[in-house]
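# Chains, contacts and geometry: an overview
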Amino acid sequence: MVETAGGGPQDGAAEVLDRPLPDGVRRKVVQIVADGFGGLTVAELPAQLRQYARFTPNRRAKFAGNAMAAALETDPLFRQRIGEKLRESQPELTGALDSGSPPPAADPLDVAAAAYVLRPPGWVKLVAAAGEEAQRADAERADEETRAELERLRAELDHAREHTRSETERLRAELDAAKKETDSLHRKLRSALADVKRGEAALRKLRGEMEAVRAEGQAQVSAAESETRRLKARLGETEAALEAARRAAREGRSVEDMRVRLLLDTVLDAAQGLRRELALPPVSVRPAETVDAVEPGRMTPKDIAARALSEDDPAVLDQLLALPQAHLVVDGYNVTKTGYPQMPLEKQRLRLLGQLAQLAAQTGAEVTCVFDGAELAAPVLLAPPRGVRVLFSKPGVTADELIRQLVRAEPPGRPVIVVSTDREVADGVARAGARPVASAVLLKRLS
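Residues numbered from 1 in each chain as written. Predicted model: local features only at pLDDT ≥ 70, side-chain atom pairs only at ≥ 80, totals over all residues. Heavy atoms only, no water.

### Concerning the environment of valine 330
Which entries qualify depends on this criterion: A run of H or I in DSSP becomes a helix once it reaches four residues, and a run of E becomes a strand once it reaches two; helices and strands are each numbered from the N terminus. When accessible area is computed with a 1.4 Å probe and restricted to protein chains, residues below 20% of their type maximum are described as buried, those above 50% as exposed, and intermediate ones as partly exposed.
Relative to the elements of secondary structure, valine 330 occurs in strand β1 (residues 327-331). A relative accessible area of 0% places valine 330 in the buried class.

This is the structure:
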């Protein structure tokens, strides 16, 4: 609250404005606060106004106008500090307000804004009078603008009337000329209509003749198209049958050639392996070779007896994979769910395929890993490791059926080892000539 020199509150501090502050007065008040704002320290500013301390007066009035007006109304100490800055910048106006006699030549809005800030006795009347004066000035300004607009509209109306009269006379002249031209056109139109009727009669006659010719041509075209379609159908059937016969001949010949070649390689490798196992002498026997002795690398009866292994020994798998042209077929999920079922399917596959790649590199055997496609929620994007063929069963086909198809595709005599704990799979592949091995044996070998 602003105090007088005697220490008591001013009479104007108890007065209250009973109506909104006029817009003109409010703008002046905000400008006074923005000008006096820069002379205060940050500590002297209300908390809500400290963020605008570094703004210029114009930016402060633009962005912080509402906040400054609210602080001036609710914070007496801030209003007192702004009043002191106002007294320093406008001593004549503030001195006249303090004495109770505002300068008669001063702008009523400046007087009202200063009175609103300083709150001298009777400031409410000064603000109300300024608002009424501003309203009167606005009304007079609006009245002058209205009179000027009315004069402008009257001038435009006179000009429009004059233009309308001249335009009407021009249009009348054009209308007379158009009437004369219309009469001439009507005569020409009647003559043209007669010509058109004669032409339409001739056209109808020609159309009838054309329709007859078109109907006859369409009948002939339809017959030719029917015959063409029949011949194309027969030609397509003949070509399809010929292509099917050629494809069957090619596939049958390529599959049989592949099976015979693979079987031949198996027999040759088996013969070489058998020759190494039995340590057969060459065809031409030399005297030194008749001497009874144990040659390096030659197996003795004791070594042969040591080769008898149990079914659960991982060495059995190594012996099988050492056979010529051996093909290892692995029931993927049967092995992974036996060894590490707690892992997600993707990690199961990656772990098993990585171990099979190492096994293929060590043994040189052909390795095929089969997974059940029914376990997949989406297609698998997988780069098969080196030396391992990865297959997923098609929809409606189980992994067990795919394994049996792989075994049946091999030629008789080739060593095929199938790893699966499924009894039905083991029995089926055994009947087809393959060697079943339990999943636990492969897991022991891989670990």
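So much for the structure itself; the text now carries on.
### Some remarks on helix α11 (residues 345-363)
Each full turn of the α-helix corresponds to 3.6 residues, which orients residues three or four apart in the same direction. What counts here: The span one expects for a helix is its residue count, reduced by one, times 1.5 Å. The contact definition used throughout considers only heavy atoms, calling two residues in contact when any of these lie within 4.5 Å.
For α11, spanning 19 residues, the distance from its first C-alpha to its last is 27 Å, which sits close to the expected 27 Å at 1.5 Å a residue. Taken together, the buried positions of α11 are occupied by Gln348, Arg349, Leu352, Leu353, Gln355, Leu356, Ala357, Leu359 and Ala360. Considering only its buried residues, α11 is in contact with α9 (314-321), β1, α10 (332-339), β2 (366-371), β3 (388-392) and α14 (439-446). Glycine 364 occupies a position one or two residues after α11 and carries a positive phi of about 75°.

### Comments concerning the packing of aromatic side chains
Here is the rule: Only centres within 6.5 Å qualify two rings of Phe, Tyr or Trp (six-membered ring in Trp) as a pair; their planes then separate them into stacked at under 30 degrees, edge-to-face at over 60, and tilted for everything else. Counting as a charge over the ring demands two things of the Lys NZ or Arg CZ atom: a distance within 6 Å of the ring centre and an angle within 35 degrees of the ring normal.
Per the counting criterion, the structure on display carries two aromatic pairs. Ring pairing ties together the aromatic residues Tyr333, Phe371 and Phe392, which thus form one cluster. Its guanidinium or amino end placed over the ring of phenylalanine 55, arginine 59 lies 4.4 Å from that ring's centre, counting from NZ or CZ.

### Quick look at the sheet that holds β2
Counted only if it meets this: Any two strands with at least two DSSP bridges between them are considered paired. A fitted line through C-alpha atoms represents every axis, and for helices the fit uses only the stretch in contact; the resulting angles, taken between N-to-C directions, go from 0 to 180 degrees.
In spatial order, the strands read β3-β2-β1-β4-β5; together these five strands make up an open sheet with parallel pairing. Each end of this open sheet is capped by a strand with a single partner; those strands are β3 and β5 (435-437). The mean inter-strand angle of the sheet, taken between neighbouring strand axes irrespective of direction, is 20°. Note: β1 against strand β4 (residues 416-419), four bridges, orientation parallel.

### Overview of α9
Defined as follows: The directions considered for the arc run from the helix axis to the C-beta atoms. Here a polar contact is recorded for every N or O atom pair within 3.5 Å, except that within protein the pair must consist of a potential hydrogen donor and a potential acceptor, and residues adjacent in sequence are included only if both atoms are side-chain atoms.
Within α9, the full set of buried residues consists of Val316, Leu317, Leu320 and Leu321. Angularly, the buried residues of α9 cover 130° about the axis, an arc narrow enough to put them on a single face. Buried positions along α9 lie against β1, α11, β4, β5 and α14. The opening residue of α9 is aspartate 313, an N-cap whose side-chain oxygen sits 3.0 Å from the backbone nitrogen of alanine 315.

### Let's talk about the environment of aspartate 110
By the element assignment, aspartate 110 lies in helix α6 (residues 108-118). Through-space distance from the C-alpha of aspartate 110 to that of leucine 93 is 8.8 Å; in sequence the pair is 17 residues apart. Beyond its immediate stretch of four places on either side in the chain, aspartate 110 contacts Lys28 and Leu93.

### Focus: the nonpolar core
To keep things clear, this is the line we draw: As used here, the term nonpolar core means buried Ala, Val, Leu, Ile, Met, Phe, Trp, Tyr and Cys residues forming a set that is joined through side-chain atoms within 4.5 Å.
Residues Val29, Val33, Met68, Leu72, Phe78 and Ile82 are the most contacted members of the largest nonpolar core, which totals 32 residues. When residues of this core are traced back to their parent elements, those giving at least two are α1 (23-37), α3 (65-74), α4 (76-89), α5 (91-99), α6 and α7 (123-278). Ranked by residues supplied to this core, first place goes to α6 with nine residues. Every residue in contact with isoleucine 82, bar those within four places of it in the chain, is listed here: Ile32, Val33, Gly36, Phe37, Leu40, Leu72 and Val117. In terms of nonpolar packing, the next biggest core, distinct from the first, is built from 29 residues, Leu321, Leu359, Ala365 and Val419 among them.

### Let's talk about the confidence of the model for the chain
The test is simple: For every residue, the pLDDT score states the predictor's confidence, bounded by 0 at the bottom and 100 at the top.
For the chain, mean pLDDT is 80; residues scoring 70 or higher make up 83% of the total. In the model, residues 1-11 has pLDDT below 50 throughout and makes 16 contacts with residues more than four positions away in sequence or in other chains. A low-confidence stretch, residues 299-306 (pLDDT under 50), is modelled with five contacts involving residues beyond four sequence positions or located in other chains.

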